[in-house]
Amino acid sequence: MTAPWIPALVMLAGLAATLAGLAWRARLWLTGRPARVDFLRGLARMPRRYLVDVHEAVSRDPVGGAGRGDTGQRIATMHILTAGGFTAASVLILVVHVFGVAFAPLAALLLGALTVMAAGTVLVGRRRRPEHRAPRLSGGGFNRLPLGLAAFVAFFFIATLPLAGVSGPLAWGSPFGMALVAVGLYGSLDLYGGLARGPLKHAANGALHLAFHPRPERFREADADSGSPAALRPLDLEAERLGVREPRDFRWNQLLGFDACVECGRCEAACPAYEAGLPLSPKKLIQDLVAAEARGGTDAAYQGSPYPGRPLGQARGGPDHPLIGEEAMIHPDTLWACTTCQACVHECPMMIGHVDAVVDLRRYQTLEEGATPGKGAEVLEELRATDNLHGRPRESRLHWATDLNLPLLAERGACDVLLWTGEGAFEMRSQRTLRALVRLLRLAGVDFAVLGAEERDCGHVARVLGEEAAFRNLKEKNLETLDQYRFNRILTPDPHALHTLANEYDGLTERCAIEHHSTFLARLLAEGRLAPNRRADGTTVTFHDPCYLARGNGETQSPRDLLEGIGVEVREMEKSGLRTSCCGWGGGAAFTDVPGERRIPDVRMDHARATDAETVAVACPNCAVMLEGVVEPGPEVADIAEVLLEAVEEESMEAAS
Ligand code: SF4
Ligand code: SF4
């Protein structure tokens, strides 16, 4: 029996599995809320997003290592060979075997595509061997993938040889022929079925997710005015339900996005909460959301690392089942352990929005259930009552500066630079930074003023804890205050305030520049308006990039320019720059205080200690507090304003304190 239709049948069986799987998943995605999507534009831009943005992320060396002997570039090569070969082979199989265009050069081309795919398969197989496998990778179907790839390649290669004129017709009825069909069916069903539900699902779900992405501003093609990808989306406070209680409260394209996850674990390796042994892995969080989309969802089949103290198989979910709860798919501790540091978002090759999901879930817990844990609820109460995190009278915002005679904007009406003190004004450690900064501004002759009692908390903590109404209230009051005065620039030592004012206060950047003190001070130094009296040559410093300065606003260079400008030797931690690791304060985590095996700042101090630097320089009042709170001996903690002042004015530290 020569039956040339057999390869077509094997191919069509696989495609039927793809369509059935996609239809099943699409039905689940479409239970989500509506989303405004530019379908045509998204589809047109999808190939570029895949080839540029996804491949840029894939080719980076993953945080914590790619697996023995692997690099990001090797993973990218493996991906190009396998995916490119598979795509080309699929098209050619359709033409040659299904549509029957038995033209020898086309068959030879198909053999070439299958050979490329075979080269990728060898690399996939090598990477999945236990001695090479990075711990962040999931097992299960992913470990079987080399087998499916090899079966697919072997079947179609042998089935195409006669069409290319290399061999005679195949006897499909012989034992060899029948075994080959079995191999082919396994390969076809595993790969094409896997496009919707298995290891290759990023090829189908991922492509749709890239086309209909909830945040097109995350791609390089984004227009300059499309906003910061790290800015949270506004919540409709008039909506029937605030935030997300169950899977169908997410927008449909968010549900689709979760389904694009390939369990590569790059997010897990970057997550500071996971590293500290808290019950949070961004990979499992996304997989739990995927499992929860289907009725009777459970995490029993999850093939990655479980959370400490929570065995797999206990969680239950479904499209209308609450997502957060002791027995639900996501434990409350998991939700509140997140520092919203965006490390997972930055590392994810599939551009999944973990932080958006976390904040959507928190909004429901805070606004509808009043279930903000730990001191989070108290802090929100203080904010609502006093407009600051500490529950202090607004008049006390300048108590740290009673001897400094700071110019008030209310008295001056206008100034060049408005110094936004932030909530550090109420906290002793941060007051030292503020005093150093004020001293530097005076030494450089900067025309500045402060708002004093008129400054309110910017609303960042309220927003990341899900309290959108309190954020909105603070934003409106602050904008009203700012509207009364004239100034050219807002300067702040607090990256959270910088991020919120620059990216989440509508229109403020059109009115004035908004800068972090590291950017501003580095410029004063470069322009010679601040001149070091003594070079700090030989001093070793490691710089801890604050998440909201680096990943939130892309500023990683100025602090280093500043330090190098005074002769300091900067020693980099493994996780630095855009790949920095959180100090543990972000996302309100300092208030919700979820226990883990270790504290996040202790882990971060280990990173700093590993550089052997004398000082860990910070550029955020909260990082200073968290890292100074580490009890084990380690490098001295100093804000870059303090480091600079020490170089500019030898007597300065006494003067500032
Ligand atoms: S935002 Fe940070 S803490 Fe939260 S899941 Fe992602 S990496 Fe972990
Ligand atoms: S969420 Fe992204 S980074 Fe994390 S495992 Fe999935 S694909 Fe990988």
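- Taking an unreviewed UniProt entry as the reference, the protein chain is identified by name as DUF3483 domain-containing protein belonging to Thiohalorhabdus methylotrophus.

## Notes on the side chain of Asn478
So, step 1. Tracing the backbone shows Asn478 in helix α19 (residues 468-483).
So, step 2. Apart from the residues within four sequence positions on either side, Asn478 is in contact with Trp420, Glu454, Glu455, Arg456, Asp457, Cys458 and Tyr505.

## Description of the environment of Gly596
So, step 1. With respect to the element layout, Gly596 can be found in the loop between α25 (589-592) and α26 (600-609).
So, step 2. Distance from Gly596 to Gly297, taken between C-alpha atoms, is 27 Å for residues 299 residues apart in sequence.
So, step 3. If we ignore the near neighbours within four places in the chain, the residues touching Gly596 are Ala276, Gly277 and Leu278.

## Examining the site of ligand 2
So, step 1. Near ligand 2 you find Cys261, Val262, Glu263, Cys264, Gly265, Cys267, Lys283, Cys348, Pro349, Met350, Ile352 and His354, and these make up its full shell.
So, step 2. Residue classes in the shell around ligand 2 are distributed as eight nonpolar, two polar and two charged.

## What about the site of ligand 1?
So, step 1. In the neighbourhood of ligand 1, the contacting residues comprise Cys271, Pro272, Leu280, Pro282, Cys338, Thr339, Thr340, Cys341, Gln342, Ala343, Cys344 and Val355.
So, step 2. Partitioned by chemical class, the residues of the shell around ligand 1 number nine nonpolar, three polar and no charged.

## Some remarks on helix α17 (residues 428-443)
So, step 1. An ideal rise of 1.5 Å per residue puts 22 Å on 16 residues; α17 measures up with 23 Å between its terminal C-alpha atoms.
So, step 2. Those residues of α17 that sit buried are Arg429, Ser430, Gln431, Thr433, Leu434, Arg435, Ala436, Leu437, Val438, Leu440 and Leu441.
So, step 3. Looking at where α17 begins, the residue whose side-chain oxygen comes 3.1 Å from the main-chain nitrogen of Arg429 is Glu427.
So, step 4. Count one or two residues on from α17 and you reach Gly445, which has phi positive near 70°.

## So, the pairing of strand β3 (residues 414-419)
So, step 1. Most of β3 sits inside the fold, with five of its six residues counted as buried.
So, step 2. Both β3 and strand β5 (residues 486-492) contribute to a ladder of five bridges, which runs parallel. Note on β5: the bridge partner recorded for Val417 is Arg489.
So, step 3. Where β3 and strand β4 (residues 448-450) come together, three bridges link them in parallel fashion. By the bridge assignment, Val417 is partnered in β4 with Phe448.

## Quick word on the packing of aromatic side chains
So, step 1. Per the counting criterion, the structure on display carries twelve aromatic pairs.
So, step 2. Note on Phe86 and Tyr192: the rings are 5.3 Å apart at their centroids and 35° apart in plane angle, and the pair reads as tilted. In this pair, Phe86 sits in helix α3 (residues 72-98) while Tyr192 sits in helix α6 (residues 175-197), placing the two residues 106 residues apart along the sequence. As far as the burial class goes, Phe86 and Tyr192 line up, both buried.
So, step 3. Taken together, the aromatic side chains of Phe86, Phe152, Phe155, Phe156, Trp172 and Tyr192 make up a single cluster linked through ring pairs.
So, step 4. Between Lys284 and the ring centre of Tyr302, over which it is positioned, the NZ or CZ distance is 5.4 Å.

What counts, and where the lines are drawn
Residues numbered from 1 in each chain as written. Chains lettered and ligands numbered in written order. Predicted model: local features only at pLDDT ≥ 70, side-chain atom pairs only at ≥ 80, totals over all residues. Heavy atoms only, no water. Helix = DSSP H or I, 4+ residues; strand = E, 2+ residues; numbered from the N terminus. Contact = heavy atoms within 4.5 Å. Near = heavy atom within 4 Å. Nonpolar A, V, L, I, M, F, W, Y, C, P; charged D, E, K, R; others polar. Expected span 1.5 Å × (residues − 1). Buried < 20%, exposed > 50% of the residue type's maximum accessible area, 1.4 Å probe, protein only. Polar contact = N/O pair within 3.5 Å; in protein donor to acceptor, adjacent residues only side chain to side chain. Pairing = 2+ DSSP bridges. Phe/Tyr/Trp six-rings, centres within 6.5 Å; stacked < 30°, edge-to-face > 60°. Lys NZ or Arg CZ within 6 Å of the ring centre and 35° of its normal.

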